[in-house]
Amino acid sequence: MASIDDVKIIELPKFLDARGNLSFAEQNNHIPFEIKRTYWIYDVPGGEDRGGHAFRENQEVVIALSGAVDVIVDDGVSQKTFRLDRSYYGLYIPKGLWRTMECFSTNSFALEFGSVAYSADDYIRDYDEFLKLKKDGKL
Ligand code: TYD
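Residues numbered from 1 in each chain as written. Predicted model: local features only at pLDDT ≥ 70, side-chain atom pairs only at ≥ 80, totals over all residues. Heavy atoms only, no water.

**Focus on the site of the ligand**
Contacts to the ligand come from Arg-37, Tyr-39, Arg-50, Gly-51, His-53, Tyr-118, Tyr-123 and Arg-125. For the ligand, an oxygen atom lies 2.7 Å from a polar atom in the side chain of Arg-50. Within the backbone of Gly-51, an N or O atom sits 3.2 Å from an oxygen atom of the ligand. Relative to its free-state accessible area of 520 Å², the ligand is covered by the protein chains to the extent of 60%. (Near = heavy atom within 4 Å. Polar contact = N/O pair within 3.5 Å; in protein donor to acceptor, adjacent residues only side chain to side chain. Areas by Shrake-Rupley, 256 points an atom, 1.4 Å probe, with all protein chains shown as cover.)

The structure is reproduced here in structure tokens:
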């Protein structure tokens, strides 16, 4: 049963170079799971929010490869906002937490790694249902 305290910023390796910087991430290493899926969010119009949901099984790492985004994570009791604004920071979000993405900067580009393939059944999209599952210790 994950809580806010299980959400972690992962500092990825970075090679700063006058020719341009380089960072990378490896599964089961910097990314603390086997990567089954990668997706990205881009061209977000000003003021739009994304990702108001929880996953039953999917763990994620979110990286703001370009620009900045706020990721708000909620365990049903507490909320915490993580401002991602460096391409060498990954935010690890365990399964079973509600999360929303807000305040995208212009031209921001957020990359996400997931631990399971896409399944609509893995989503909890109703916040009251999420709260009930948390309260009942089922998530
Ligand atoms: P969704 O996860 O609902 O976006 P957000 O969390 O930002 O609101 O995904 C939007 C649509 O994209 C949804 O209809 C399902 C589809 N989708 C896939 O088909 N595969 C994927 O890996 C993801 C993340 C989404």
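**What to know about the sheet that holds strand E11 (residues 109-114)**
Sheet architecture is open: 5 strands sit in the order E1-E9-E6-E11-E4, paired in antiparallel fashion. Where the open sheet ends on each side, the last strands, each with one partner, are strand E1 (8-11) and strand E4 (37-42). For this sheet the average axis-to-axis angle between neighbouring strands, irrespective of direction, equals 25°. When E4 meets E11, the two strands line up antiparallel, connected through 6 bridges. Each bridged residue has a counterpart across the sheet, and for Thr-38 the counterpart in E11 is Phe-113. (Pairing = 2+ DSSP bridges. Helix = DSSP H or I, 4+ residues; strand = E, 2+ residues; numbered from the N terminus. Axes fitted to C-alpha atoms, helices over the stretch in contact; angles between N-to-C directions.)

**Regarding the sheet that holds strand E10 (residues 98-102)**
Pairing in this open sheet of 5 strands is antiparallel, and the strands run E8-E7-E10-E5-E12 from one edge to the other. Single-partner strands in this sheet number two, and they are strand E8 (79-84) and strand E12 (123-124). Here strand E7 (residues 69-74) runs beside E10; their pairing, made up of 5 bridges, is antiparallel. The residue bridging Val-71 from the neighbouring strand is Met-101, located in E10.

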